[in-house]
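Coordinates in review
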Amino acid sequence: MLSLSDIRDARERVSETARHTPLEYSHTFSDLTGADVRPKLECFQRTGSFKIRGATNRIRTLSADQQDAGVVTASAGNHAQGVALAASRSGVDSKVVMPESAPISKIKATKSYGAEVVLHGADYDDAQAHAHELEAAEGRTYVHAFDDEYIMAGQGTLGLEIAADCPTVDTVVVPIGGGGLISGVATALKGELDDVRVIGVQAEGASTVARSLDKGQPQAVDHVDTIADGIAVRQVGAQTFPVIQERVDEVVTVSDDEIATALVLLLERGKTLVEGAGATALAAVLEDKFEYADGETIVPALCGGNIDLNLLTTVIVRGLVDQGRYVKIRTVLKDSPGSLNDLLATAAEERANIYAIQHDRTNRDIAMNATEVELDLETRGPEHVDRLLTRIQDEGFDVTVLNGPQIVSE
């Protein structure tokens, strides 16, 4: 099983390429939770993710023949970039299979680091199967995204940094996909510190570890569905699972809505951009997914910052909707002068900011002398939304809420 000495050895190989990333106290998240929250900002890592650590350690341990033959891997994006950069820096040819749904930003970044990219399959597991076909056909070494002790040891260097920078830490919260990161981090922390708790977090739509712990062996799911594409894995690793069983204290899950809320808060209050997987650890803290004491020192690992901009737009809007800060409504007006002005005046009196207005006179479900109007409104929280919608309704407008909360007052 993976040992502390494996991780210390990896630190020597990884240090030339991977950055020692910041670990900083957060006033915002400490105030929100009552804990002493100190995010590990791995989103500032080279290639934007912790994956460069494990990839570098694995590439540096290849034999001369393996280096000559080149490597192949499968990844949703972050491991792809890590392998591409690590291989390029070592003069090793790399080929990366990515799911067809991989974000275009991650595809472009992987190519820019020097890898040949092959798009194949619906998710990581489909891409992995094809990568193994290429491994056999071309004689390349397969660099696994997580189920490899060299990969696990490389990822564990993040844990060594946490132990060095925050030796009084009580709890470290780590996202789980296949388990490579948390296996390494838990091994490093349990080896370096006498009394530290390690909490693992999965997205609800890719929750394989909880059922695997229940059954006592790795369990697969048929499909995964989450905005946290970096941890969207159907099955925990065969080598990572025993480490999780032995060294991880608890595993919890968070919903996509909770991930989106954490991501928006990190952007707005923390001035930090992370991807879905990178926000899961903080989401678990904010949503009280595990018990912790007032003032407890908690380090959530913000493990990646490579979010697709199209997804980011959707996540921001969803996060604002969940906070009651954005609402879209539809109503039908008489198609006569002054009708729209009456509606807009009501919104203005309730201090709602109008983002957009759309008219539709062609809807066959409304009268010929009517027009359908949609408003996108900026609001200031659930109570403000409730007050606004109730006021509009009281003014005689029949309102349909297209997103956000429904009218709750009479």
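Note that the structure is a prediction, hence the values are computed from the model and not measured.

A closer look at the overall build of the chain
Per the secondary structure count, the chain includes 16 helices and 13 strands. When each of the 410 residues of the chain is scored for burial, the buried share is 56%. Long-range contacts, defined here as pairs at least 24 residues apart, represent 71% of the contacts in the chain between residues at least 6 apart. Per element, the accessible surface of the chain, about 17400 Å² overall, is 43% carbon and sulfur. Counting 37 positive and 64 negative side-chain charges, the chain places the centres of these two groups 4 Å from one another.

Examining the pattern of salt bridges
Overall, the coordinates contain 28 salt bridges when judged by the stated rule. With a shortest N-O distance of 2.3 Å, Arg318 and Asp257 are connected by a salt bridge. Placement of Arg318 in helix H14 (residues 309-322) and of Asp257 in helix H12 (residues 256-268) is noted, with a sequence separation of 61 residues between them. By relative accessible area, Arg318 is classed as partly exposed at 41%. Taking relative accessible area as the criterion, Asp257 reaches 33% and is therefore assigned partly exposed.

A word on unusual backbone geometry
Both trends apply: most residues other than glycine have a negative phi, and most peptide bonds are in trans. Located in the positive-phi region is Thr47, a residue other than glycine, with phi close to 70°. Mapped onto the secondary structure, Thr47 falls in the loop between strand S1 (36-37) and helix H3 (51-60). You can call Thr47 buried: its relative accessible area is 7%. Its identity as a non-glycine residue notwithstanding, Asp288 has a phi of 55°, on the positive side. Here Asp288 shows up in the loop between helix H13 (276-286) and strand S9 (297-300).

Focus: the state of the cysteines
If you walk through the whole model with that rule in mind, you get zero disulfides. Here Cys43 stays free of any disulfide, with the sulfur of Cys303 as its closest cysteine sulfur at 8.9 Å. A residue is classified by how much of its surface remains accessible, and Cys43, at 9% relative accessible area, is buried. With no disulfide of its own, Cys166 has Cys43 as its nearest cysteine by sulfur position, at a separation of 17 Å.

Quick look at the sheet that holds S9
Spatially, five strands are ordered S1-S9-S6-S7-S8 in an open sheet, and the strand pairing comes out parallel. Where the open sheet ends on each side, the last strands, each with one partner, are S1 and strand S8 (250-254). Both strand S6 (residues 171-175) and S9 contribute to a ladder of three bridges, which runs parallel. In the strand pairing of S9, Val172 is matched with Val299.

Digging into the environment of Thr47
Sequence separation between Thr47 and Leu85 is 38 residues, and the spatial gap between their C-alpha atoms is 8.0 Å. Not counting residues within four places of it along the chain, the set of residues in contact with Thr47 comprises Ile52, Gln81, Gly82, Leu85, Tyr113 and Asn306.

Digging into the nonpolar core
By size, the foremost hydrophobic cluster in this structure holds 61 residues, and its most contacted members are Val172, Val173, Leu189 and Phe290. A per-element tally of this core places H13 first, with seven residues. The residues touching Val172, leaving out its near neighbours within four places in the chain, are Ile162, Val185, Leu189, Val196, Arg197, Val198, Ile199 and Val299. Residues Val373, Leu377, Leu389 and Val401 belong to the second largest nonpolar core, which totals 16 residues.

Things to note about empty space enclosed by the protein
This model, assessed by the stated rule, comprises one cavity of 30 Å³ or more. Taken as a whole, the largest cavity encloses approximately 280 Å³ of empty space. Lining of the largest cavity is provided by 27 residues; of these, Phe50, Lys51, Gly230, Ile231 and Val233 occupy positions nearest its centre. Every element with two or more residues in the lining of the largest cavity is listed here: helix H5 (78-89) and helix H9 (180-192). Here the lining of the largest cavity is built from residues that sort into 14 nonpolar, nine polar and four charged.

Concerning the layout of surface pockets
Which parts of space are left empty comes out when a probe the size of a water molecule is rolled across the atoms. Its boundaries defined by the atoms lining it, the largest pocket holds a volume of some 260 Å³. What lines the largest pocket is a set of 13 residues, and nearest its centre among them are Ser101, Ala122, Thr226, Asp229 and Ala232. Quantified by volume, the second largest pocket comes out at close to 150 Å³. Residue lining of the second largest pocket: Glu24, Tyr25, Ser26, Thr28, Phe29, Pro39, Leu41, Phe44, Leu266, Arg269, Gly270 and Thr272, and that is the complete set. Of the residues contributing to the lining of the second largest pocket, the split by class is six nonpolar, four polar and two charged.

Description of the sheet that holds strand S10 (residues 326-334)
In space, the four strands of this open sheet follow the order S11-S12-S10-S13, with antiparallel pairing throughout. The open sheet has two edge strands, strand S11 (353-360) and strand S13 (400-403), and neither has a second partner. Mean inter-strand twist for the sheet, computed between neighbouring axes without regard to direction, equals 25°. Taken together, the seven bridges between S11 and strand S12 (residues 370-378) define a ladder with antiparallel strand orientation. Residue His359 lies in a different strand from S12, and its bridge partner there is Val373.

Cut-offs used in this document
Residues numbered from 1 in each chain as written. Predicted model: local features only at pLDDT ≥ 70, side-chain atom pairs only at ≥ 80, totals over all residues. Heavy atoms only, no water. Helix = DSSP H or I, 4+ residues; strand = E, 2+ residues; numbered from the N terminus. Buried < 20%, exposed > 50% of the residue type's maximum accessible area, 1.4 Å probe, protein only. Contact = heavy atoms within 4.5 Å. Areas by Shrake-Rupley, 256 points an atom, 1.4 Å probe, with all protein chains shown as cover. Lys, Arg positive; Asp, Glu negative; His and termini not counted. Charge placed at Lys NZ, Arg CZ, Asp CG, Glu CD. Salt bridge = Lys/Arg side-chain N within 4 Å of Asp/Glu carboxyl O. Disulfide = S-S within 2.5 Å. Pairing = 2+ DSSP bridges. Core = buried A, V, L, I, M, F, W, Y, C linked by side-chain atoms within 4.5 Å. 1 Å grid on protein atoms, 1.4 Å probe; cavity = no way out; pocket = protein on both sides within 12 Å on 5 of 7 lines; lining within 4 Å. Points joined across faces, edges and corners; volume = space filled by probe spheres on them. Nonpolar A, V, L, I, M, F, W, Y, C, P; charged D, E, K, R; others polar. Axes fitted to C-alpha atoms, helices over the stretch in contact; angles between N-to-C directions.

Geometric values such as these leave the question of function open.
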